[in-house]
Amino acid sequence: MLLNSYFFTTSLTLLATSLNSVFAADSDDSSSNSTLAPIEIKGNAFFNSESGDRFYIRGVDYQPGGSSNLTDPLADVDICKRDVPVFKDLGINTIRVYTVDNSLDHEECMQLLADAGIYLILDVNTPDSSISRYNPACSYNADYLQNVFATIDVFAKYDNVLGFFAGNEVINSKNTTNTATYVKAVVRDMKKYIKARDYRKIPIGYSAADIVENRQLAAEYFNCGSDDDSRIDMFGVNDYSWCGQSSFVTSGYNTKMQLYKGYSIPIFLSEFGCNEVVSSRPFTEIEAIYSTQMSSVFSGGLVYEYSNETNNYGLVQINGDTVTKLDDFVNLKNEYSKVSNPTGDGGYSTSNNYSTCPDFEKGVWEANATLPAMPSAASAYFSTGAGEPMGTILSTQNNCYDDDDDDDDDDYEDDEDSSSSSAVSSSISSSSTEEEESSSMSSTANFTSSVTNTAQVRVTSRSSSVISSTSASTSSSSSSSSSSRGSGSIVEVPMIFQVIAELWNYIL
């Protein structure tokens, strides 16, 4: 009786949580900021959708704390109130954020940005939920896509979201080009998801490292093929070739103009600002970037980076609530203020065609033109939405699935990747290790497991410290035949209905 009483109490708790989540989601969906007009793409340039004026990105890369102290700056209102006035003083119109916690509230910060006339370019990945360079086939899975789609769900309602990046420097050497196949698959899945959920057309892009051996191949690959959903909408280049008092020719900017000439979509510098200088960075490249020398191809750029971290690229020094503007900030502000955008349309083009896919060549370009099928377990999200955001606690890179409905396993996984046929049972083992760190949730996890096993569904409920449903769904799916591993045949049912069913069983 005591056990039944515990189950009943826990059921009521989960039911209340589920209802709160549903109503909160409905409330969130109805809100959006309308201060700024969305940015749209025409040909190879950005335009303000209301005024029709060409839009040039003047911005900074923004992740205070860096990778060593990773936090979501758009979920902390105090941080936003501290930094947004500094953005306005600098004279920027865009920030790029590399990672956020999609389970937190971003409403007030996004409104503060919109009120300041600032757009957001957002990377959808987190350090532990992204395409892996070491095992890209394994890291491309339904759990990963759920996290990506959940981030889209959270931010799609904001008009000042300029676009999403599906990846950042995933290709970071001459021998990591095989990863491009899976990044491009993510681009396709994101674009299809946005269409299926009836969101506005938000640009999807990729931010590329400036690797001499494959920078042109990467640009061509992500913009090639007849399937519009598989092509990026915008291309960012992380380029640090202009150092100090350089010039259009000395820096190699003239070469980049020739390299990307005729590219059919907007290109911009997603990172720039070489710090190989004696003292502060003069940012003399601003005059070239926002000139007719480059405006026919490039649409501005983002300076790396706002806050000074261990790599000494910062424009400001942050100490608690205090922001100290460094010489780099002063220099950049002066350059931005004295350099105007080109008049008119800047020589943009609408007549350029999408690129021809580069040929597969061992050791040179190892990305396939044919993309892997989306993991079938992720298809449910197109009709139901991604569900509960899991934040940054989710680690998906080793969640290999052996899904018989997907035909990409044999074509795209090498011998090492093929060993992942242990699928959910092996991939969840690492997740289960993390769960053991929070013994205080073990009773709830057991209850969730009983609900999950009874309903034979894959649960995606969020907890602040564990993902109890992950191991629960594993125990259910692992006991089934090998053809059902990876949740390929498992139907995802919202937790609220599972809890109601459990309560009904208790009453009976």
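Residues numbered from 1 in each chain as written. Predicted model: local features only at pLDDT ≥ 70, side-chain atom pairs only at ≥ 80, totals over all residues. Heavy atoms only, no water.

An unreviewed UniProt entry lists the chain under the name 1,3-beta-glucanosyltransferase, with Naumovozyma dairenensis given as the organism. Per UniProt, the chain has the following entry under Sequence similarities (unreviewed entry): "Belongs to the glycosyl hydrolase 72 family." UniProt, in the comment section headed Function (unreviewed entry), describes the chain in these words: "Splits internally a 1,3-beta-glucan molecule and transfers the newly generated reducing end (the donor) to the non-reducing end of another 1,3-beta-glucan molecule (the acceptor) forming a 1,3-beta linkage, resulting in the elongation of 1,3-beta-glucan chains in the cell wall." (UniProt positions renumbered as here; feature names shortened; annotations may be inferred.)

Novice: Please explain the pairing of strand β4 (residues 57-61) as it appears in this structure.
Specialist: Note on strand geometry: in a regular strand, side chains alternate between the two faces of the sheet. Where burial is concerned, most of β4 is hidden: five out of the five residues are buried. The two faces of β4 match: Ile57, Gly59 and Asp61 on one face and Arg58 and Val60 on the other face are all buried. Relative to strand β5 (residues 94-97), β4 runs parallel, the two being bridged by three bridges. If you follow Asp61 over to β5, its bridge partner there is Arg96. (Buried < 20%, exposed > 50% of the residue type's maximum accessible area, 1.4 Å probe, protein only. Helix = DSSP H or I, 4+ residues; strand = E, 2+ residues; numbered from the N terminus. Pairing = 2+ DSSP bridges.)

Novice: Any chance you could explain the confidence of the model for the chain here in plain terms?
Specialist: Residues of the chain with pLDDT of at least 70 account for 72%, and the chain-wide mean is 80. Contacts for the low-pLDDT stretch residues 1-30, under 50 throughout, to residues beyond four places or in other chains number 25 contacts. Across residues 404-508, confidence stays below pLDDT 50; counting only partners more than four residues off in sequence or on other chains, it has 162 contacts. (pLDDT = per-residue confidence, 0-100. Contact = heavy atoms within 4.5 Å.)

Novice: Even after reading the chapter, I still don't get the environment of Ile92, so can you show me in this structure?
Specialist: Among the structural elements, Ile92 can be located in the loop between α2 (77-90) and β5. Among the residues examined, Ile92 registers a relative accessible area of 7% and is labelled buried. When the C-alpha atoms of Ile92 and Tyr336 are compared, they prove to be 8.1 Å apart, with 244 residues separating the residues in sequence. In this view, Ile92 contacts Arg58, Gly59, Val60, Phe87, Ile118 and Tyr336; residues no more than four positions away in its chain are not counted.

Novice: Just checking my understanding: could you explain the packing of α2 against helix α3 (residues 107-115) for this structure?
Specialist: A pair of packed helices can be characterised by two numbers: the angle between their axes and the separation between those axes. Contact pair α2 / α3: the axes reach a minimum separation of 10 Å and the direction vectors enclose 10 degrees. With respect to α3, the element α2 is oriented roughly parallel. Here α2 contributes Val77, Cys80, Lys81, Val84 and Phe87 to the contact with α3, which in turn contributes Glu108, Cys109, Leu112 and Leu113. When grouped by side-chain class, the residues that make up the contact of α2 with α3 number seven nonpolar, no polar and two charged. (Axes fitted to C-alpha atoms, helices over the stretch in contact; angles between N-to-C directions. Parallel < 35°, antiparallel > 145°, perpendicular 65-115°, else oblique. Nonpolar A, V, L, I, M, F, W, Y, C, P; charged D, E, K, R; others polar.)

Novice: Explain the sheet that holds strand β1 (residues 39-42) to me, please; I cannot follow it from the model alone.
Specialist: What links the strands of a sheet is backbone hydrogen bonding, and the strands pair in either a parallel or an antiparallel sense. Taking strand neighbours across the sheet as the criterion, the three strands line up as β1-β2-β3 in an open arrangement whose pairing is antiparallel. Across the chains shown, the open sheet's two edge strands, defined by having one partner strand only, are β1 and β3 (54-55). Sheet topology note: the β1/strand β2 (residues 45-48) ladder contains four bridges and is antiparallel. Directly across from Ile39, in β2, lies its bridge partner Asn48.

Novice: When you look at the pairing of strand β12 (residues 316-319) in this model, what are you seeing that I'm missing?
Specialist: Pairing between β12 and strand β13 (residues 322-325): four bridges, direction antiparallel. Within β13, the residue paired with Ile318 across the bridge is Val323. Between the antiparallel neighbours β12 and β13 lie two residues, among them Gly320 with a positive phi of about 65 degrees.

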